[in-house]
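Structural overview for review
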Amino acid sequence: MTTKPKAKKFRVRRTGNTAVQPAAATPVAPPDAEMTMATTAQMAHDATTSQHEARKAPSETSAAPASEATPVRDTKKAAKNHDKPSTDLDDIRKEGLTGRQLRIARRIAQKNNLPATSDFDAVRQLRMKGIDPFQRANMLELVVERNTAHPDGAPEAPESVQLPQTVPSDQISLPATEISPAERRNREIQQIQRDIARRRRRRLLLLSARLAFFVMVPTLLAGYYFYNVATPMYASKSEFLVLKADSAGGGGGLGGLLSGTQFATSQDSIAVQSYLQSKEAMLRLDREIGFKSHFTQEWIDPIQRLETAPTNEDAYKTYSRHVKIGYDPTEGVVRMEVTAADPQVSAEFSRKLISYAQEKVNQLSVQKRSDQVGDAETALDMAEGKRRDAQERLVRLQQRGTVLDPEGVIISLRSQISTFELQRQEKELELAALLDNTRPNQAKVDGARADIARLNSLIQRLNDRMVDASAGENSLASLTVQIQMAQADLATRDLMLQSALQQAEQTRMEANRQVRYLTTAVEPVPSQEASYPRRFENTILAFLIFSGIYLMCSLTASILREQVSS
């Protein structure tokens, strides 16, 4: 709001020496804060300039003296004529314009490139051009320009020159309202600093917008899902071990060293883990309990819910997410965690999977034991069959001759021949002793000779019998050799049969030691509180993931921009 100026009215006489006489002062409201009262000397200088302008303009100097002495209209009359502003310098001077209004007029004239010689002439030329310098729109334009030059709204430094001001005789137009070069430099530095701060604020706002769009909004959506949309899942945890049967004798070598540790059953534990994580276990669980039907219920959230008729691949993906199995090789424990939308169903799933694992362990050990025992029993059967064949061959050889023991017959013949030969030697000695007499007893000599002849014939028959038994394919000697070979073969088969029996017994014992047992250390128990989703942890994880993605993308974009610009 602009208050009415407080100024004195002057009467200017255009004769010889210029004199300025003050008229009666009209008390009005004080001017604006930035306007100081024009001194009497300045007003006299303005009057002198007006006389100079009057000499240049004959139309103005030909006015009647009465008009020169006409006092200036008061502010009320100027307000009445504001609708039709006057273009006469005298009328403009009589309007009682304030210094602020004159400064505004000068600036508008400079903006429109008008060669004004004084502040009043600037008002006159603007009105002649059809521009009202005191119109609100024009004043707002200057205010906008001034705020642009001074965004902080700081007022201009007050100038020592008071208004109204006229152009000196050596200048063509009014002096510019520009400031000194030092002040201009300071203002330009301040302007640069304000531009830098504004640019930084703009970049900070853009960064905040990007972070909000790419990081905060997705994080809020993820948090909203975890807190309000996600269906709570209940987890049932269980632990079981695959143990080996205790061995009384203990194995030798590296197997005996590892028999009492968890490394002895590590392969079986890994095999059980792989089986429980396979599609076969999922299909069996679906056939017996209905895994797919549980996760296709309508009250489960869309992200975790399966379709109405899911394929095995989709169901297996869900099975892999909700059935987690881990094997700890240092402890030999298999840990399993099964999650479902209902705690009872989760515990039932866990118990079924443990029973599947137990059956699988039994199948693995049974196959191994059956293979080992089967090989040992096959070797034993072969040994028994070969021994039976050797024994049958010996019996057939013994049944081929007239005697059961041809070797005994031969030994008996040899014994008889030896006995008869001893008797023959005794008779020959007795005959020699009789013949040594000068007059031997003929009867005794004949008896001795007859005995020797009988012994010789008997020995000859026995020798012939021996020859007959040793000659030919069916002789006792040949039959005896075959029987001896058959007996040796039978003895060998007996040894092999005994070894096979021992091997079979050891294999059975080893198979019994290799039996695997699945022992449940922690039974699955239905949970009373939901284990998933972990709202806070998942929200923080989503924030970190989105932040990492944004950071990677921004770094990549900045590197590419730098490469392109270089």
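Presented here is an overview of the structure given in this document.

Here is what the cut-offs are and how they apply
Residues numbered from 1 in each chain as written. Predicted model: local features only at pLDDT ≥ 70, side-chain atom pairs only at ≥ 80, totals over all residues. Heavy atoms only, no water. Helix = DSSP H or I, 4+ residues; strand = E, 2+ residues; numbered from the N terminus. Phe/Tyr/Trp six-rings, centres within 6.5 Å; stacked < 30°, edge-to-face > 60°. Lys NZ or Arg CZ within 6 Å of the ring centre and 35° of its normal. Salt bridge = Lys/Arg side-chain N within 4 Å of Asp/Glu carboxyl O. Buried < 20%, exposed > 50% of the residue type's maximum accessible area, 1.4 Å probe, protein only. Expected span 1.5 Å × (residues − 1). Contact = heavy atoms within 4.5 Å. Core = buried A, V, L, I, M, F, W, Y, C linked by side-chain atoms within 4.5 Å.

**A word on unusual backbone geometry**
Cis rather than trans, the peptide bond between Tyr532 and Pro533 has omega equal to 0°. Along the polypeptide, Pro533 turns up in the loop between strand 6 (516-522) and helix 19 (535-565). Non-glycine residue Asn113 carries a positive phi angle of around 60°. Among the secondary structure elements, Asn113 is positioned in the loop between helix 6 (99-111) and helix 7 (119-128).

**Focus on the packing of aromatic side chains**
One pass over the full model with this rule turns up seven aromatic pairs. Residues Tyr316 and Tyr319 carry aromatic rings whose centres are separated by 6.3 Å and whose planes lie at 20° to one another, so their mutual orientation is stacked. Of this pair, Tyr316 and Tyr319 both sit in helix 14 (residues 312-322), three residues apart, which is roughly one turn of that helix. Counting every residue linked through ring pairs, the aromatic cluster contains Phe291, Phe295, Tyr316, Tyr319 and Phe349. Its guanidinium or amino end placed over the ring of Tyr316, Lys279 lies 5.9 Å from that ring's centre, counting from NZ or CZ.

**Quick look at the pattern of salt bridges**
Enumeration over the complete set of coordinates arrives at 19 salt bridges. The partner of Lys279 in a salt bridge is Glu313, and the shortest N-O contact between them spans 3.5 Å. One end of the pair, Lys279, is in helix 12 (residues 279-288); the other, Glu313, is in helix 14, with 34 residues separating them in the sequence. Residue classification places Lys279 among the partly exposed residues on the basis of a relative accessible area of 31%. On the accessibility criterion, Glu313 (44% relative accessible area) is partly exposed. Linking Glu359 and Arg284 is a salt bridge whose minimum nitrogen-to-oxygen distance equals 2.7 Å. Placement of the pair is Glu359 in helix 15 (residues 343-400) and Arg284 in helix 12, with a sequence separation of 75 residues.

**Digging into helix 19**
Taking 1.5 Å of rise per residue, the 31 residues of helix 19 would be expected to cover 45 Å, and the 44 Å separating its terminal C-alpha atoms lies within 8% of that figure. All buried positions along helix 19 are accounted for by Thr539, Ala542 and Tyr550. Residues of helix 19 that are buried sit in contact with helix 9 (181-229).

**Comments concerning the nonpolar core**
Core analysis: the largest hydrophobic core is formed by 30 residues, its most contacted members being Phe240, Leu276, Tyr319, Met336 and Leu353. Contributions of two or more residues to this core are made by strand 3 (234-244), helix 11 (266-276), helix 12, helix 13 (291-295), helix 14, strand 4 (323-328), strand 5 (333-340) and helix 15. Per-element accounting of this core gives the leading share, six residues, to helix 15. The contact partners of Leu353, leaving out residues within four places of it in the chain, are Leu276, Leu285, Tyr319, Val323, Met336 and Val338. Core analysis: the next-biggest nonpolar cluster, separate from the first, contains 16 residues, Ile104, Leu114, Ala122 and Ile131 among them.

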